[in-house]
Amino acid sequence: MSKFISDRFRSNSPYVPGEQPKDTAYVKLNTNESPFPPSAFAMKLAREAVGNCELYPDPEYTSLVSVAAEKFNVKEENLLFTNGSDEALNYVFAAYCSEGGTAVFADITYGFYEVFANLYGAEKKIIPLREDFSLNAKDYASACGTVIIANPNAPTGKVLSPEEVLDIVKSNKNNVVVVDEAYIDFGGQSVLPYIDDFDNLIVVRTFSKSRSLAGARVGFAAANESLINDLKAVKYSTNPYNLSRMSAAAAIGALLDEDYFNGNCKKIISNREYMTEKLRGAGFTVLDSSANFVFAKYNGVKGKDLYEALKKKGVLVRHFEKPRISDFIRITVGSMEDTVALVKAATEAVKEI
Ligand code: PMP
């Protein structure tokens, strides 16, 4: 870093993304991407959009918003599209947690919440999950700031019922409650249909997982119009053309290709159940997951050692050297071929360590 950088960035520990290896062809199960390519229709629309690249995109993304509003049965004013859901989360922290705000989130959850909270100088109220990594909705009643929950949670894969989520929303009339539903298409029930019922609920979604568009960077926030206008204030103060023409076009295609989307979600869920069963059969402890990854450990083996042994065998998974979860590895659910390779490598690795 140079001597010129502002203190805010000098002192902040940034988010550390999972490895994106450029050398060996790994079985890549470390960043929760889809093992399936984007919908062919999505790619066709993206290719067509390349032709107009001399022009800025429509900053309102009117066509995408209109398709999404119909798909999710909400009004167009209820949606704001972003460059991946990380950008929606960035907007949320900028809007509600900067300058003396407080962010309330779990001790074990998506690591970017803490990074954004630190970046915007928010107070952090970190609430430990229960011993079994479940989240107690009652711990969030009348919280002292903006509540951010991932549902299903990452990296545990555990899910809350919509009733539990809505209890948190109802018991926080004076706080914004942000529900990050990055993995909701793989299990659990969304609270998106309830955005009109509450003036403090924001649902954040991504196209990176179930819609195979991690590389296109598409996400969105859904909420009542006033909250969306808050987030628009951040967008139009930072990056009005936040999605490329190609990404917006691909997102339309991905939304319209419903059969492809449903088929892929089904396959992932079925592969997840297979992986869970096989790993348990091989002696692993595997949490029940409602996401496109599983969180697993093997008694007596450190998570880091397991991660390294799997890497040597050509399988990349994610390990977090953090209190409470350092024994675990997070494994993305891939294709059936990937899953079989993972189960074989993991079964061998624990015998060799
Ligand atoms: N929320 C959660 C819980 C995640 O795991 C991720 C993926 N790392 C994101 C949001 C961000 O995903 P994206 O920016 O690709 O939409």
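Everything here concerns the structure above.
Caption draft 1: How the structure looks around the packing of helix α3 (residues 62-72) against helix α8 (residues 245-256). Where α3 meets α8, the closest approach of the two axes is 9 Å, and the angle between their N-to-C directions is 20°. When the interaxial angle is binned, α3 and α8 end up roughly parallel. With respect to the hand of their crossing, α3 and α8 are arranged in left-handed fashion. Each of S63, L64, V67, A68, K71 and F72 in α3 lies in contact with α8, whose residues at this interface are A248, A251, I252, L255 and L256.

Caption draft 2: Highlighting helix α5 (residues 112-119). Across the eight residues of α5, six count as buried, placing the element largely inside the fold. Taken as a whole, α5 has its buried residues at F112, Y113, V115, F116, A117 and L119. Among the structural elements, α1 (7-10), α4 (84-96), β3 (102-106), β4 (123-127), β5 (146-150) and β6 (177-180) are those in contact with the buried residues of α5. Just beyond α5, the residue with positive phi is G121, at close to 65°.

Caption draft 3: Seen up close, empty space enclosed by the protein. Within this structure, the stated rule accounts for three cavities of 30 Å³ or more. Taken as a whole, the largest cavity holds about 60 Å³ of empty space. Forming the walls of the largest cavity are P38, S39, S210, R211, S212, A254, D257, Y260, F261 and N264. Looking at which element gives the most residues to the lining of the largest cavity, the answer is helix α9 (residues 258-281), with three residues. For the lining of the largest cavity, the per-class residue count stands at four nonpolar, four polar and two charged.

Caption draft 4: Quick peek at the pattern of salt bridges. With the rule as written, the count across this model stands at 16 salt bridges. A salt bridge links D7 to R10; its shortest N-O distance comes to 3.7 Å. In this pair, D7 and R10 both sit in helix α1, three residues apart, roughly one turn of the helix. The partner of E258 in a salt bridge is K71, and the shortest N-O contact between them spans 2.6 Å. With E258 in helix α9 and K71 in helix α3, this residue pair connects regions lying 187 residues apart in the sequence. Under the relative-accessibility criterion, K71 is labelled partly exposed at 31%. What you see here is one network of salt bridges that share partners, running through K313, K344, E348 and E352.

Caption draft 5: Representation of the sheet that holds strand β12 (residues 329-332). In spatial order, the strands read β9-β10-β12; together these three strands make up an open sheet with antiparallel pairing. The two strands at the open ends of the sheet, each matched to only one other strand, are β9 (285-286) and β12. Pairing of strand β10 (residues 293-297) with β12 involves four bridges; the strand directions are antiparallel. Paired with F293 across the bridge in β12 is T332. Each of β9, β10 and β12 is contacted by α9, which is oriented at about 10° to β10, the strand it contacts most.

Caption draft 6: Looking closely at the sheet that holds β3. With respect to topology, seven strands assemble into an open sheet ordered β2-β8-β7-β6-β5-β3-β4, the strand pairing being mixed. In this open sheet, the two strands that pair with only one neighbour each are β2 (79-82) and β4. The mean inter-strand angle of the sheet, taken between neighbouring strand axes irrespective of direction, is 20°. Taken strand by strand, α3 contacts β2, β7 (201-206) and β8 (219-222), and its axis lies near 120° from that of β2.

Caption draft 7: Inspection of the packing of aromatic side chains at higher detail. On inspection of all chains with the given rule, the structure shows 18 aromatic pairs. Through a chain of ring-to-ring contacts, the aromatic side chains of Y15, F93, F105, Y110, F112, Y113 and F116 assemble into a single cluster. Directly above the ring of F207 sits R211, whose terminal nitrogen or CZ lies 5.5 Å from the centroid. In this arrangement the basic side chain of R330 is found over the ring face of F293, its NZ or CZ atom lying 5.8 Å from the centre.

Caption draft 8: View of the pairing of β10. Most of β10 sits out of view: four of its five residues are buried. Counting the residues that bridge the hairpin from β9 to β10 gives six residues.

Caption draft 9: Spotlight on the site of the ligand. Around the ligand, the neighbouring residues are G84, S85, D86, Y110, D180, A182, Y183, T206, S208, K209 and R217. One of the side-chain N or O atoms of Y183 is found 2.6 Å from an oxygen atom in the ligand. In the model, an oxygen atom of the ligand is placed 2.7 Å from a nitrogen or oxygen of the R217 side chain. Out of a free accessible area of 410 Å², the ligand has 92% covered by protein chains. Taken atom by atom, the bulk of the ligand overlaps the largest pocket. When residues of the shell around the ligand are assigned to their parent elements, the largest contribution, three residues, is made by α4. Across the shell around the ligand, the residue classes tally to three nonpolar, four polar and four charged.

Calculation criteria
Residues numbered from 1 in each chain as written. Predicted model: local features only at pLDDT ≥ 70, side-chain atom pairs only at ≥ 80, totals over all residues. Heavy atoms only, no water. Axes fitted to C-alpha atoms, helices over the stretch in contact; angles between N-to-C directions. Helix = DSSP H or I, 4+ residues; strand = E, 2+ residues; numbered from the N terminus. Parallel < 35°, antiparallel > 145°, perpendicular 65-115°, else oblique. Left-handed = near helix turned anticlockwise from the far one by under 90°. Contact = heavy atoms within 4.5 Å. Buried < 20%, exposed > 50% of the residue type's maximum accessible area, 1.4 Å probe, protein only. 1 Å grid on protein atoms, 1.4 Å probe; cavity = no way out; pocket = protein on both sides within 12 Å on 5 of 7 lines; lining within 4 Å. Points joined across faces, edges and corners; volume = space filled by probe spheres on them. Nonpolar A, V, L, I, M, F, W, Y, C, P; charged D, E, K, R; others polar. Salt bridge = Lys/Arg side-chain N within 4 Å of Asp/Glu carboxyl O. Pairing = 2+ DSSP bridges. Phe/Tyr/Trp six-rings, centres within 6.5 Å; stacked < 30°, edge-to-face > 60°. Lys NZ or Arg CZ within 6 Å of the ring centre and 35° of its normal. Near = heavy atom within 4 Å. Polar contact = N/O pair within 3.5 Å; in protein donor to acceptor, adjacent residues only side chain to side chain. Areas by Shrake-Rupley, 256 points an atom, 1.4 Å probe, with all protein chains shown as cover. Sits in = over half its atoms within 2 Å of the grid points.

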